[in-house]
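Analysis of the macromolecular model
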Amino acid sequence: MSRVIFTIEYEVKPEKRDEYLTIAKELKNIVKAEGLDEYTIFENCKKTNVFEEKYFFVDEQAYEEFDDIEDERIDILTNKLSDMIKETTTKYSVMKEVFEI
C-alpha cells in the first residue's frame, strides 16, 4: 500500500502571525489519528507568513478516513486558523507514493 501526503499551504495575515503560531502549536500537539504517521507545519524560508501543513498517512485508506474523525477541539482551532489566513492563498495537494520500499 502506498503512503499519502496531504498538504495545505496558505499565507497568514501579518497582524495575526503571533496568534497563528500559538494556535498552530496547540493544533500540532493534538492532531492524532489512526494511520497518521506524522503531522507537521513548516514556514517558507523565502516568504514570511507562508506556512504549509503536512500530513503523512500510512496508506490511502487512512487518508480517506481522516475526514471522518470528529474532534471538537481540532474543529475550533482550525476555524480560528481559517480566520487568520489571507483569502485566495490556500492551496491543497495530495500525493501518493510511487515506489514502496
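So, a few notes on the structure that sits alongside this text. (Residues numbered from 1 in each chain as written. Predicted model: local features only at pLDDT ≥ 70, side-chain atom pairs only at ≥ 80, totals over all residues. Heavy atoms only, no water.)

Overview of the overall build of the protein
From N to C terminus, the protein includes 3 helices and 4 strands. The N-to-C order of helical and strand elements in the protein reads β-α-β-β-α-α-β. Radius of gyration (C-alpha) of the protein: 14 Å, near the 13 Å computed for a compact globule of 101 residues. Viewed in the frame of its principal axes, the protein has a C-alpha envelope of about 45 × 30 × 20 Å. Per-residue burial over the protein gives 33% buried out of 101 residues. In the protein, the share of contacts with a sequence separation of at least 24, taken over all contacts with a separation of at least 6, comes to 74%. For the protein, the accessible surface area stands at approximately 7,200 Å², while carbon and sulfur atoms represent 49% of it. If you average the places of the 15 positive and of the 26 negative side-chain charges in the protein, the two averages end up 9 Å apart. (Helix = DSSP H or I, 4+ residues; strand = E, 2+ residues; numbered from the N terminus. Rg over C-alpha atoms; globule rule 2.2 N^0.38 Å. Buried < 20%, exposed > 50% of the residue type's maximum accessible area, 1.4 Å probe, protein only. Contact = heavy atoms within 4.5 Å. Areas by Shrake-Rupley, 256 points an atom, 1.4 Å probe, with all protein chains shown as cover. Lys, Arg positive; Asp, Glu negative; His and termini not counted. Charge placed at Lys NZ, Arg CZ, Asp CG, Glu CD.)

A closer look at the pattern of salt bridges
Following the criterion strictly, the structure yields 8 salt bridges and no others. A salt bridge links Arg17 to Glu43, with the shortest nitrogen-to-oxygen separation between them at 2.8 Å. On the criterion of sequence distance, the pair formed by Arg17 in helix α1 (residues 17–30) and Glu43 in strand β2 (residues 36–43) is long-range, its members being 26 residues apart. You can call Arg17 partly exposed: its relative accessible area is 24%. (Salt bridge = Lys/Arg side-chain N within 4 Å of Asp/Glu carboxyl O.)

A few points about the sheet that holds strand β4 (residues 91–96)
The 4 strands lie next to each other as β2-β3-β1-β4, forming an open sheet whose pairing is antiparallel. With partners counted over all chains shown, the strands left at the sheet margins are β2 and β4, one partner each. The sheet shows a mean angle of 15° between the axes of neighbouring strands, taken without regard to direction. The sheet contacts of α1 involve β1 (4–11), β2 and β3 (50–57), and relative to β2 the element is tilted by about 165°. (Pairing = 2+ DSSP bridges. Axes fitted to C-alpha atoms, helices over the stretch in contact; angles between N-to-C directions.)

Regarding unusual backbone geometry
Phi at Asn49 is positive, roughly 70°, even though this residue is not glycine. The backbone phi angle of Thr88 is positive, close to 65°, even though this residue is not glycine. Residue Thr88 is classed as exposed on the basis of its relative accessible area, which comes to 83%.

Description of α1
When the terminal C-alpha atoms of α1 are compared, their 20 Å separation across 14 residues agrees well with the 20 Å that a helix rising 1.5 Å per residue should span. Residues Tyr20, Ile23, Ala24 and Leu27 constitute the buried set of α1. All buried residues of α1 project into a common sector of 105° when viewed along the axis, lining one side. Every exposed residue of α1 that faces more than 90 degrees away from the buried side is listed here: Asp18, Thr22, Lys25 and Asn29. Where α1 is buried, its residues meet β1, β2, β3 and α3 (72–82). (Expected span 1.5 Å × (residues − 1). Arc of directions from axis to C-beta.)

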